[in-house]
Amino acid sequence: MNRRHFFGPTLAASKAALFKLLRYEITLDPRSPESAETVRRFHLSTAKELIVTAPARTSKSWSAAPEIVHDFFPRIDEDASCFEPGKVALVAGEADIHIWIVPPVYKLAKEWKYAREYLLDRGLVAAFGGKIETNTDAESQGNMQLTVLWPWKTATGRPCRSTLQVRSAANEELLQAEQVKLAVVSEAADQDERIVNKFLRTRCERIIFPTTPKRSGLWLFERIARGIENPELRREAFQFTRFCNPAYDHAGYEMAKLEATLTFGAPENDPDFLEQYEGQWTFAGGQVLPFRWLPDPRGLPTNVVDTLPRWIDSASWYCAFDYGYDDPAVALFVAISAAGEMCVASEIYERHLTDEDLVERARTRAADLGLHVEGWIPDPQRPVLTEQLRRRGLPLFDRAPAGVLRDRAAGYQALRTLLSVDPAVGRPRMTVLRSCIRTITELKTIKFKEHHANEYSTTAIVGADHAVDALRYLAMSRLKAKTQERNWLKDWQREQKTKERAKYLRRFDGPLVG
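About the criteria used
- Residues numbered from 1 in each chain as written.
- Predicted model: local features only at pLDDT ≥ 70, side-chain atom pairs only at ≥ 80, totals over all residues.
- Heavy atoms only, no water.
- Axes fitted to C-alpha atoms, helices over the stretch in contact; angles between N-to-C directions.
- Helix = DSSP H or I, 4+ residues; strand = E, 2+ residues; numbered from the N terminus.
- Parallel < 35°, antiparallel > 145°, perpendicular 65-115°, else oblique.
- Left-handed = near helix turned anticlockwise from the far one by under 90°.
- Contact = heavy atoms within 4.5 Å.
- Nonpolar A, V, L, I, M, F, W, Y, C, P; charged D, E, K, R; others polar.
- Pairing = 2+ DSSP bridges.
- Salt bridge = Lys/Arg side-chain N within 4 Å of Asp/Glu carboxyl O.
- Buried < 20%, exposed > 50% of the residue type's maximum accessible area, 1.4 Å probe, protein only.
- Phe/Tyr/Trp six-rings, centres within 6.5 Å; stacked < 30°, edge-to-face > 60°.

1. Here's the deal with the packing of helix α3 (residues 60–72) against helix α4 (residues 110–121)
Phase 1 of the analysis: Between α3 and α4, whose axes approach to 8 Å, the crossing angle comes to 50°. If you check the angle between α3 and α4, you find them oblique. Crossing hand, α3 versus α4: right-handed. Together, Ser-61, Trp-62, Ala-64, Ala-65, Pro-66, Ile-68, Val-69 and Phe-72 of α3 and Lys-110, Glu-111, Tyr-114, Ala-115, Glu-117, Tyr-118 and Leu-119 of α4 make up the contact between the two elements.
Phase 2 of the analysis: In the contact of α3 with α4, the residues fall into eleven nonpolar, one polar and three charged.

The structure is reproduced here in structure tokens:
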């Protein structure tokens, strides 16, 4: 039996007919013809995941509403008249259609308002003989649901119902339910990827992620990258612009652009302008540390390096710890040059290690890499770890009092200085080898909570900070490397060894696992 979409035989024809009914138009702005094409590609996509990033107020949520309406109607038998009650019109499994809108909190479910306007206010449900069984719009009570009984049945005689429901991500129990035809993850950048992977990906045929790019949405940015690299994931990304919204306030855009120019010298230097008005990923919102891992539009060097620095063989080596058991235990091997530049070259990042296990892992790693560690910097809040290091005769670097190491504000300020570009040398004082992916992930994702900017208490910062804490202890230890005169012949020999060591390091720093 051939199947077709409700409003037409093909996806394109079905959506074109629906959009005409809804009076939903994809506006072609001559200033940006490609914007209309992007919106058109979004509506015709058959991908499982559709990630829409856009500036604020550029119709990303408005564009998701027609997708909700289209999937709210069942697919039908190509030979049946969808207007005639009693016809066997539904494909198997579509007797009960469920569509979810999943916002962080109920009040942010903008797609709910738009979809209800199409379905009820414009009479679309009534026009096709639908009977409203449930229609609640109680945002304050978390009860937002529309259920419609259709006049068609399946081949087995089951009646068809469609249910549109808002289910807040804050209540995970509500996300453990039936098969879902479509889920729209509102304000996706403000949500946790775990919600998607654990609850939505397993039970949703399609997922739409409309969002403004924010630092908290780093997981979406990386999800897009994985989709590009792996087409079999059936994941597509769409970049909407201000020209996608025919009612966009372009005068307001020009005023914001002028303000950014006057304040920062150029609009591209203002991360808030780039994020909110251009829809670009800047990862500046709530940023705790000035860590750069992507190419900078201003040409600033990144903190992530692919090879060990030239000075590595004349460097002094240190190992800094942060202990955890249920949380990861961390040991970072850091080289420091005579000029005070640092490179995080290897990491241990594991859960469920005892103090003794962690020290033994670190000793073994140092031996495997052929490193002479001049100072081991223990976690100042873990005396048992310090004692384990002392028992093994490892030289402790404890010149800084424990109270100084525990000073979070001073430690973060020291890290900010090291990670920022030093004008004297034109590059940051601290870099991280790309194979240390757990450390890089923490430096990328750690951020301030809303209304807690420049506060460094544990309650003001969100994101894993185990490797960051080890780096704080390192930064507050006032380390210095030996000054050595340069021997050009030995430098050449060391450069060959450096290349081999870089390859060897990759054996220990593998891909991030959950």
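2. Things to note about the sheet that holds strand β14 (residues 342–350)
Phase 1 of the analysis: Reading across the sheet, the six strands line up as β11-β18-β14-β13-β12-β15 and stay open at both edges, with mixed pairing between neighbours. Strand pairing shows two members of the sheet lacking a second neighbour, β11 (304–305) and β15 (373–377), which therefore form its edges.
Phase 2 of the analysis: Judged from the seven bridges that link them, strand β12 (residues 316–322) and strand β13 (residues 329–336) form a sheet pairing that is antiparallel. Its bridge partner lying in β13, Phe-321 is registered against Ala-331.

3. Some details on the pattern of salt bridges
Phase 1 of the analysis: Applying the stated criterion across every chain, the model contains 30 salt bridges.
Phase 2 of the analysis: Asp-137 is the partner of Arg-116 in a salt bridge, and the nearest nitrogen-oxygen pair spans 3.7 Å. One end of the pair, Arg-116, is in helix α4; the other, Asp-137, is in strand β5 (residues 131–138), with 21 residues separating them in the sequence.
Phase 3 of the analysis: Here Arg-392 and Glu-360 are joined by a salt bridge, their closest N and O atoms 3.7 Å apart. Within this pair, whereas Arg-392 is found in the loop between α11 (383–391) and α12 (402–405), its partner Glu-360 is found in helix α10 (residues 355–369), the two being separated by 32 residues in sequence.
Phase 4 of the analysis: Classification of Arg-392 by relative accessible area gives partly exposed; the value is 22%.
Phase 5 of the analysis: One network of salt bridges, with partners in common, ties together Glu-49, Glu-193, Arg-223, Arg-226 and Arg-235.

4. Considerations on the packing of aromatic side chains
Phase 1 of the analysis: Enumeration according to the criterion identifies 23 aromatic pairs in this entry.
Phase 2 of the analysis: Pairing Phe-73 with Trp-150 gives two aromatic rings, centres 4.8 Å apart and planes at 35°, and the pair type is tilted. Placement of the pair is Phe-73 in the loop between α3 and β3 (76–77) and Trp-150 in strand β6 (residues 143–153), with a sequence separation of 77 residues. The pair Phe-73 / Trp-150 is uniform in exposure class, with both members buried.
Phase 3 of the analysis: Seen from their ring centres, Phe-321 and Trp-376 are 6.2 Å apart, and the 20° between their planes marks the pair as stacked. Taken together, the residues span a long stretch of sequence, with Phe-321 in strand β12 and Trp-376 in strand β15 at a distance of 55 residues. Of the two residues examined, Phe-321 and Trp-376, each falls in the buried class.
Phase 4 of the analysis: Three or more aromatic residues joined by ring pairs make a cluster, and in this case those are Phe-7, Phe-72, Phe-73, Phe-128, Trp-150 and Trp-152.

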